[in-house]
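# Close look at the chain arrangement
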Amino acid sequence: MKILMVCLGNICRSPLAEGVLQQKVDQRRLNWKVDSAGTGSWHIGSPPYHLSQKVALRHGVDISHLRGRQLVKEDLLEFDRIYFMDEANYWDAKRIAGSYWDASKCSLLLDELYPGQWQNVPDPYGYPEKNFEEVFQMIEEACEAIIRKYGV
């Protein structure tokens, strides 16, 4: 299984989701590839935002080694499942992917908890640390649902 997590800049939400899911995959010894990307290009090569790193580390997840990258249309061919942090990222990715778009493998991350409700993981960038903690908890619950669904 190959899973891609996508947000806007690939420094806050999607690296958190990559790190959380990768830890769960490692703990269960699943042969999965987990990655993350952003729909924007502003943070290519940048480490995750310091508050994302801080909150992740507090929960035993080290994401300091991750680096931002931009989503490319070929990601739609490479990955089995692509999860978007919010609706804007979903539509931006559809535009980027063009004819490579495959709606059957693309959904919002929180659809794993609230199917069909199109609930967004809010962007915590520029907000206090408590917002990053709330986002972490949402992501953690959704990643656990992914493991329960596909990790059998």
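Treat the numbers as computed from the prediction; the structure is a model and nothing was measured. (Residues numbered from 1 in each chain as written. Predicted model: local features only at pLDDT ≥ 70, side-chain atom pairs only at ≥ 80, totals over all residues. Heavy atoms only, no water.)

## Considering the pattern of salt bridges
Our working rule: Salt bridges are counted wherever a side-chain nitrogen of Lys or Arg sits within 4 Å of a carboxyl oxygen of Asp or Glu. The helix and strand labels rest on DSSP assignments: H or I over at least four residues marks a helix, E over at least two residues marks a strand, and numbering proceeds from the N terminus. Under the scheme applied here, a residue whose accessible area is under 20% of the maximum for its type counts as buried, over 50% as exposed, and between as partly exposed, the area being computed with a 1.4 Å probe on protein chains only.
Inspection of the entire model under this criterion finds 13 salt bridges. We note a salt bridge from glutamate 78 to lysine 2, for which the minimum N-O separation is 3.8 Å. In this pair, glutamate 78 is assigned in helix 3 (residues 75-78) and lysine 2 in strand 1 (residues 2-7), connecting sequence segments 76 residues apart. Salt-bridge contacts for lysine 33 lead to glutamate 78; the nearest nitrogen and oxygen are separated by 2.9 Å. Remark: glutamate 78 occurs in helix 3 and lysine 33 occurs in strand 2 (residues 33-38); sequence separation between them is 45 residues. A relative accessible area of 35% means that lysine 33 is categorised as partly exposed. Linked by salt bridges that have partners in common, Lys24, Arg28, Glu140 and Glu144 make up one network.

## Side note on the side chain of lysine 24
Note the following rule: Whenever a nitrogen or oxygen atom comes within 3.5 Å of another N or O atom, the pair is scored as a polar contact, on the condition that within protein one atom can donate a hydrogen and the other can accept it, and that pairs from neighbouring residues in sequence are kept only if both atoms are in side chains. Contacts are residue-level and defined by heavy atoms, with any inter-residue pair within 4.5 Å sufficient.
By the secondary structure assignment, lysine 24 is in helix 1 (residues 13-27). Reaching out from lysine 24, the side chain makes a polar contact with the side chain of glutamate 144 at a distance of 2.8 Å. With sequence-adjacent residues up to four places away left out, lysine 24 is seen in contact with Glu140, Cys143, Glu144 and Ile147.

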